[in-house]
Amino acid sequence: MTKVDMISSRRRFLQMSGAAGAFMIACPQALMAKGLDTILPPMLAGELGMFIRVEADNTVVLGAPIPDMGQGVFTAVPMIIADEFDADWDTVRIEKLKPYVEKDKEGRMAEPAVRQSAGGSHGVRMVWTVMREAGAVARLMMKQAAAQKWKVDVASLTTAKSHVMHAASGRRIAYGDLIDLAISLDVPDVPPLKTPAEFTLIGHETGNYTAPDIVQGKPLYGYDMQVEGMKHAMIARCPYVDGSVTSYDASDALKIKGVREVVEMKRLPEDMSRQKNIAAGVAVVADTFWAAKKGRDALKITWDKGPKSDLSNESIEREFDRLLTENKTDVQYESGNVDQALATAAVRLDASYDNPYWAHMCMEPHSCVADVKGDKALIIAGHQGAAWAINPVAAVTGIDGENIDVRLARMGTGFGRKFTGDFVGEAALLSQRLGYPVKVSWTREDEVEQDFFNPKSRHRMQAGLDENGHPVAMHYTLATTAGGMATHNFPAHYIDNYKADRVRFKGLPTGAWRGPRHNVAGFAVQSFVDEMAHAAGKDPLAFRLSLLEGKGKTAFNDFGADSLDSDRIIGVLKLAAEKAGWGRKLPQGHGMGIANYFTFGGYAAFVVEVKVDKGALEIVRVTGAVDCGIAVNPLGIKAQMEGGALDGFSAALGQEVMIEEGRVVSNNLDSYQMARINQAPKRVDTYIVESAEAPTGLGEIALPAAIPALCNAIFAASGKRIRRFPIADQLKDI
């Protein structure tokens, strides 16, 4: 596209927007260069454009492109635009943008330019620049319109609270009164963006925009969604891993008032060597949720247990034993000569850490409304990304992804589970087969039994220290049921002789779970660093700092960054330690633990203080420090740090998926132990490192550091080293 074409496209869009009585900015300059005509036209005709609309009454409507599942992006991302635009936040209205996706080179639907999905702690950091550019361009156009109206120099004008001001004459005009002039202007190049010192909204604690609607119980969530004429479906899914339906009797189900159809569901994909997307089962379709639920309960089904009927936690652990004994691992990273350094070390350490499968336990179980009509489909769900919902629907129905309209509702948490396509695929298949809209609803038991779990793993650690207590070698071997390895995190690259290798064994279906691979690697690695510090006779904080100081940036080459900044790790460690009073005298039975971790672009450290008394554990105080670059909304950051720590503590204390004969038997809160309120810390404090670096994500940053800080505190208080989760009753004899 030539420059002339680009200008023509911009002007055409603004004129069309102006005809509706509003001024819109749909795309910042950085995206226009990608080809404006492929981005904008589908967003016209009444849809909120990306990302700003100014209405005649001076209301500023800001578009939120990323689904919110509690991480606060529905507030934080519009704050970025509002600050650059100098919008009056008190009168801003935020609307969820309609997703815009297009086919990639492989023919799958994808986000063409702007991040529109939630996951990987990508929300704020992936839209930081483009949102600022959109706001800056719109602000400049308002100033240009005012300059034209008043016949003054643009440079003599300032903006604030959705108004343009001319200090010399004392004049002031609302953005809404400049619409007609603004839409006649060419979209300018992106002007200089604000410096952090010029921010008026970014960096200030701002309440959750949606909170009033949430507390009033307004229908925001996927489970609330409905369309006219829809029927309700409940599915009895095979509880056995990769099992199937042998036979079923639906006669009693069909007698229940309101039950309309009973439909068998086949496992997809049919290739049993591939992880399931949709489980085999039998669906009951009815007029109401309760009729469908009663109908499902009345089904008589005989299950084929499938190829993994002998799978259990014990069988997986025996497999780990075998694999680690065989030692046929895949090396992920290696430096120096680990074997030689270990053989000549003055002190040798060996330890293994085990974590169970963890379920997602989303606050809101899954649901999806699907309306398939011929070669078109409407999908309404609480899902983490439109493209991630469209592609599985296209795969199971054969409908072209461009003909699938996805509308994303708010999620009652997601944690990576709502990136998957099983619950949307089920609804689409049923609607396509039956010819009318269908809402598939899951129960808590469904969600746990059919989860894509955080992998079960064993982390074998070996280290060698010299006569001065300095680590000369470390070998980290991971045996896991799935997933990658946290290969390059600290202390890799900080110990000269270091090796990371991995072996895998398939068990239950697995998927992303808050901080994939780092969530449990943090526990194992940071616990082992603590063990090294104690073996060396050194303070755990001082031991870490001795490895980090003077190292600058080290290679990372993993998700979230291409390097680790040692100074930023030091910064969060020192801040957390200072605020917690590290080293102070503690009462009898109390102990402090410290840990740090880098996850998906952000640096976090925690100091946890606990009390262990006659086997009872009390988490007295939690002090967290985070370096996430520029703090867009400190209130949201604190919420994510606190929530991440609590989530981690809950997982460590009691959560364990129990497997018997190839099926999950801990399928609700009575058997899968989430932390109760009496187990929560008495005090949680969060401190944010002041930074001018670009923002990073927060959703997954806290948990990998909080868990080992808790475990290290337990050791400091009791002398009991936690090497296996859940902690449960491991302290009962202390």
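Rules used throughout
- Residues numbered from 1 in each chain as written.
- Predicted model: local features only at pLDDT ≥ 70, side-chain atom pairs only at ≥ 80, totals over all residues.
- Heavy atoms only, no water.
- Pairing = 2+ DSSP bridges.
- Helix = DSSP H or I, 4+ residues; strand = E, 2+ residues; numbered from the N terminus.
- Axes fitted to C-alpha atoms, helices over the stretch in contact; angles between N-to-C directions.
- Expected span 1.5 Å × (residues − 1).
- Buried < 20%, exposed > 50% of the residue type's maximum accessible area, 1.4 Å probe, protein only.
- Parallel < 35°, antiparallel > 145°, perpendicular 65-115°, else oblique.
- Left-handed = near helix turned anticlockwise from the far one by under 90°.
- Contact = heavy atoms within 4.5 Å.
- Nonpolar A, V, L, I, M, F, W, Y, C, P; charged D, E, K, R; others polar.
- pLDDT = per-residue confidence, 0-100.
- Phe/Tyr/Trp six-rings, centres within 6.5 Å; stacked < 30°, edge-to-face > 60°.

**Quick notes on the sheet that holds strand β9 (residues 171-174)**
Argument step 1. The 3 strands are arranged β7-β8-β9 in an open sheet whose pairing can be described as antiparallel. The sheet is open, and its two edges are formed by β7 (157-160) and β9, each paired on a single side. Neighbour-to-neighbour, the strand axes of the sheet open up by a mean angle of 25°, direction not taken into account.
Argument step 2. As paired elements, strand β8 (residues 163-166) and β9 share 4 bridges and run antiparallel to each other.

**Examining helix α3 (residues 73-85)**
Argument step 1. With 13 residues, α3 ought to run about 18 Å at 1.5 Å a step, and its terminal C-alpha atoms sit 18 Å apart, in line with that.
Argument step 2. Summarising burial for α3: 13 of the 13 residues are buried, a large majority.

**Thoughts on the packing of helix α15 (residues 540-548) against helix α16 (residues 566-580)**
Argument step 1. Packing of α15 against α16 leaves a shortest axis separation of 10 Å and a crossing angle of 160°. By the criterion of interaxial angle, the relationship of α15 to α16 is roughly antiparallel. Where α15 crosses over α16, the two elements pack in a sense that is left-handed. In contact with Leu-541, Arg-544, Leu-545 and Leu-548 of α15, α16 contributes Ser-566, Ile-569, Ile-570, Leu-573, Lys-574 and Ala-577.
Argument step 2. Considering only residue class, the contact of α15 with α16 consists of 7 nonpolar, 1 polar and 2 charged.

**Structural notes on the pairing of β8**
Argument step 1. Side chains of β8 alternate between two faces, with His-163 and Met-165 and Val-164 and His-166 buried alike.
Argument step 2. Sheet topology places β7 next to β8; 4 bridges connect them, and they run antiparallel. Bridge pairing links Thr-158 to Met-165 in β8.
Argument step 3. Taken together, β7 and the strand that follows it, β8, pair antiparallel across an intervening segment of 2 residues, in which Lys-161 is found at a positive phi of about 50°.
Argument step 4. What sits between the antiparallel neighbours β8 and β9 is a turn of 4 residues, in which Gly-170 has the positive phi angle 75°.

**Digging into the confidence of the model for the chain**
Argument step 1. Taken over all residues, the pLDDT of the chain has a mean of 92, while the share at 70 or more is 93%.
Argument step 2. When the criterion is pLDDT under 50, residues 1-19 qualifies, and its contacts beyond four places in sequence or with other chains add up to 35 contacts.
Argument step 3. In the predicted structure, residues 27-49 sits below a pLDDT of 50 and forms 57 contacts with residues beyond four places in sequence or in another chain.

**Some details on the packing of aromatic side chains**
Argument step 1. Evaluation of the coordinates by the stated rule reveals 14 aromatic pairs.
Argument step 2. Ring geometry for Tyr-333 against Tyr-498: centres 6.2 Å apart, planes inclined by 45°, an arrangement best described as tilted. Taken as a pair, Tyr-333 in strand β15 (residues 330-335) and Tyr-498 in strand β23 (residues 497-504) lie far apart in primary sequence, 165 residues in all. The exposure classification of Tyr-333 matches that of Tyr-498, with both residues buried.
Argument step 3. Relative to Phe-419, the ring of Trp-388 has its centre 4.7 Å away and its plane inclined at 55°; by these criteria the two rings are tilted.

**A short note on the sheet that holds strand β16 (residues 347-355)**
Argument step 1. With respect to topology, 5 strands assemble into an open sheet ordered β15-β23-β22-β21-β16, the strand pairing being mixed. Two strands lie at the open edges of the sheet, namely β15 and β16, each paired on one side alone. Neighbour to neighbour, the strand axes of the sheet diverge by 10° on average, direction disregarded.
Argument step 2. Taken together, the 9 bridges between strand β21 (residues 457-465) and strand β22 (residues 471-480) define a ladder with antiparallel strand orientation. Within the sheet, the bridge partner assigned to Gln-462 lies in β22 and is His-475.
Argument step 3. Along the sheet, helix α9 (residues 313-326) contacts β21, β22 and β23; its crossing angle with β21, the most-contacted strand, is approximately 40°.
Argument step 4. Here helix α14 (residues 518-535) sits on the sheet in contact with β16, β21 and β22, set at roughly 155° to β16.

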